Amino acid sequence: MTHPFRFGVEMMAPFDGLSWADSAKEVEALGYSTLFVPDHFHEGYGPITAMATAAMATTKLKVGPMVLACDFRHPAVLARELASIDVLSRGRLEVGLGAGYQETDYDRSGIAMDAPGVRVSRLIEHTRVLKLLFGNAPASFQGEHYQINDLDGTPKPFREGGPPIIIAGGGKRLLTFAATTADIIGVNPSLPSAAASATAGRDALAAAIDEKFDWIREAAGERFDLLEFTAWLSVARVTDDASVLAEKLSQRFAAEPDDVLASPIVLVGTETQIEEQLHHRRERWGYSYHVLQADRAHDFAPIVERLTGR
C-alpha cells in the first residue's frame, strides 16, 4: 500500500511577527498536515498547551508532539490531557511517544535518567497503558513501571480507540515494538542519549535504514502495509547546489557527500531534485510523511502544495 504524501512542521516558537495561534493558521494555510511541538525543558512552549491552542486556532490542521518523553508524565494523567485535545479538536491529534534521550532534560529537572533499556521498557508499558485508557472499558494494568486498577479513562477520545500513535526510534527493540503497536513509525538513527548524536550520522545512512525496515517488516507481518512512515528532517534546504552543503555534512555523517544526500533525514536540492528524492524514498522504504523545521516551512511550501495527497 502506497500512502499519499503529507508534511508536518515542528515549531518551537511562533513565526516572526505572529502569535502562536496565528502561526498555526499560517502552517495550515501553507498546506501542511500537522504542527508538531517538541518536549524538552529548554525549548518551546509546554506541549499540551501549545497543541491545544494550535488546534483551537485552526479547522483542519492536525497537532502532535514530536515526541513526548514518557518519563515526564504518568500515562494516567497524560491520557486525560490527550483525549481532551482529541475531543475538542474533533480528532485532529496525533500522539508521538519516545523514551527520552536528552541528558540535560534529566539533569536539570532532577528526573532520574535510567539506562536506555529501562527507558524503552517504560515507553512500552506507557504506550500500552495509554491505549487501554483510550478504550471503552475500565482499564487494569500490572507492569514493572505502571499499575492501573480499574481506571475508566475520561473523556473518551473523539476517535474510536484513540488518536494515532507515533513511535520514533532507531534501535531494533523499539522499532520491533512500534511495528506491532504504532500507527505511524518514525524510523530514525539510533540515539540512546544526546551524547551519542555525534556518532549517529552513519546510522542514518541508506544501508542502516534498510536494516531498520527489515526489522519492522519482519515484526509487523500483515500489518506492514497499514503503517505510515515518517522522517524527521535534520537538514532540509532548497538550493541550486546541494554539493556545497553535502561536503559540509560529510564529516558529521562520516560518509561521502552522495551518501549523505541519500539519507532520509537529509533533504537538499532544487525543488525538482527534492521531489524526485521524496518519490524514491517512498518507493524504497515507504516514507510518505516528512517533518520539517519551522524555519524551512515557507521555502518548502510549493513542494508541499504539489505533493500533498499524491
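Quick notes on the rules
- Residues numbered from 1 in each chain as written.
- Predicted model: local features only at pLDDT ≥ 70, side-chain atom pairs only at ≥ 80, totals over all residues.
- Heavy atoms only, no water.
- Helix = DSSP H or I, 4+ residues; strand = E, 2+ residues; numbered from the N terminus.
- Buried < 20%, exposed > 50% of the residue type's maximum accessible area, 1.4 Å probe, protein only.
- Contact = heavy atoms within 4.5 Å.
- Core = buried A, V, L, I, M, F, W, Y, C linked by side-chain atoms within 4.5 Å.
- Patch = residues over 30% accessible without salt bridge, like charges linked within 9 Å, V, L, I, M, F, W, Y side chains within 5 Å.
- Areas by Shrake-Rupley, 256 points an atom, 1.4 Å probe, with all protein chains shown as cover.
- Salt bridge = Lys/Arg side-chain N within 4 Å of Asp/Glu carboxyl O.

Draft legend 1. Geometry of the environment of Phe134. Position of Phe134 among the secondary structure elements: in the loop between helix H5 (116-133) and strand S6 (139-142). Residue classification places Phe134 among the buried positions, given a relative accessible area of 2%. In this structure the C-alpha to C-alpha distance between Phe134 and Phe158, which are 24 residues apart in sequence, comes to 9.7 Å. Residues within four places of Phe134 in sequence aside, it is in contact with Ala79, Leu82, Ala83, Pro157, Gly161, Gly162, Pro163 and Ile165.

Draft legend 2. View of the environment of Pro47. Checked against the element boundaries, Pro47 lands in helix H2 (residues 47-57). Spatially, the C-alpha atom of Pro47 lies 14 Å from that of Val77, the residues being 30 residues apart in sequence. In this structure, Pro47 is in contact with Val37, Pro38, Asp39, Leu68 and Arg73, ignoring residues within four places of it in sequence.

Draft legend 3. Layout of the nonpolar core. Tyr32, Leu35, Leu82, Ile185, Ile216 and Phe229 are the most contacted members of the largest nonpolar core, which totals 77 residues. Setting aside residues up to four positions removed in sequence, Tyr32 forms contacts with Phe7, Gly8, Val9, Val27, Leu61, Leu292, Arg296, Ala297, Phe300, Ala301 and Val304. By size, the runner-up hydrophobic cluster in this structure holds 14 residues, among which are Leu205, Ala255, Val260 and Leu261.

Draft legend 4. Layout of a nonpolar patch on the surface. Nonpolar side chains collect at one region of the surface, where Met56, Val87, Leu88 and Phe158 lie side by side and expose about 380 Å² of accessible area between them. Turning to its location among the elements, Leu88 is positioned in helix H3 (residues 75-88). According to the relative accessible area criterion, Leu88 is exposed, its value standing at 60%.

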